[in-house]
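Read off the chains here:
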Amino acid sequence: MSAKNLDRQNRWRNKTVAFRMSPEEAEQLDVNVRLSGLSKQDYLIWRVLQREIKVVGNPRVYKALKNTMAEVLEELRRIGVGENVSDDLLDIIKQINTTLNGLKEEGEGGKAIS
């Protein structure tokens, strides 16, 4: 039996929501979750309910940024000059930029991810 889970208002989280994604969509979701520093459950709940997600710097976020930036660099090196960059890669680069801006402004209370 799994442990009971409460939200921030002490309400029981006892409903299960499931849906299907393509492998590419799932990978993009995983990248966004890693860069947010939240659990996947919290990230999905906050996004679905259109709440702002504040990036808070911690070792997990910094490691995700480092690893994701290395993956992006490898992909950019693979892409030849004059070839188009995929929309998925552009979305990841935008998410990295948003996260880095949030970390930069963290001293000012963080920045919301959109």
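Residues numbered from 1 in each chain as written. Predicted model: local features only at pLDDT ≥ 70, side-chain atom pairs only at ≥ 80, totals over all residues. Heavy atoms only, no water.

1. Some words on a nonpolar patch on the surface
The condition that has to hold: Candidate patch residues must exceed 30% relative accessible area and have no salt bridge, after which like charges are joined if within 9 Å and Val, Leu, Ile, Met, Phe, Trp or Tyr side chains if within 5 Å. Residue burial considers only the protein chains on display, and all accessible areas are found by Shrake-Rupley using a 1.4 Å probe. Criterion for a salt bridge: a side-chain nitrogen of Lys or Arg within 4 Å of a carboxyl oxygen of Asp or Glu. Three labels apply to residues, based on accessible area from a 1.4 Å probe with only protein chains included: buried if under 20% of the type maximum, exposed if over 50%, partly exposed otherwise in between.
A cluster of nonpolar residues, Val17, Phe19 and Met21, forms a patch on the protein surface that exposes about 330 Å² of accessible area. Classification of Phe19 as exposed rests on a relative accessible area of 53%.

2. Looking at the environment of Pro59
Selection rule: Elements are defined by DSSP. Helices are runs of H or I of four residues or more, strands are runs of E of two residues or more, and each kind is numbered from the N terminus.
Summarising the element assignment, Pro59 is placed in helix α3 (residues 59-78). Residue classification places Pro59 among the exposed positions, given a relative accessible area of 69%. In the structure, Pro59 is positioned 22 residues away from Gly37 in sequence and 9.1 Å away in space, judged by C-alpha atoms.

3. Some details on the side chain of Asn32
As a reminder of what qualifies: In this description, contact between two residues means that some pair of their heavy atoms is separated by no more than 4.5 Å.
Inspection of the secondary structure assignment puts Asn32 in helix α1 (residues 23-36). If near-sequence neighbours (up to four positions away) are discounted, Asn32 is found in contact with Tyr43 and Gln95.

4. What about the packing of α1 against helix α2 (residues 40-48)?
For clarity, the cut-off: Axes here mean lines fitted to C-alpha atoms, for a helix over just the part in contact, with angles spanning 0 to 180 degrees between N-to-C directions. Orientation categories follow fixed angle ranges, with anything under 35 degrees roughly parallel, anything over 145 roughly antiparallel, 65 to 115 roughly perpendicular, and all other angles oblique. Amino acid classes used here: Ala, Val, Leu, Ile, Met, Phe, Trp, Tyr, Cys and Pro are nonpolar; Asp, Glu, Lys and Arg are charged; the rest, including Gly, are polar.
Viewed as axis vectors pointing N to C, α1 and α2 meet at an angle of 100°, and their least axial separation amounts to 9 Å. Compared by their axis directions, α1 and α2 come out roughly perpendicular. Contact with α1, carried on its side by Leu29, Asp30, Asn32, Val33 and Ser36, involves Lys40, Tyr43 and Leu44 of α2 and no other residues of that element. Residues belonging to the contact of α1 with α2 are distributed by class as follows: 4 nonpolar, 2 polar and 2 charged.

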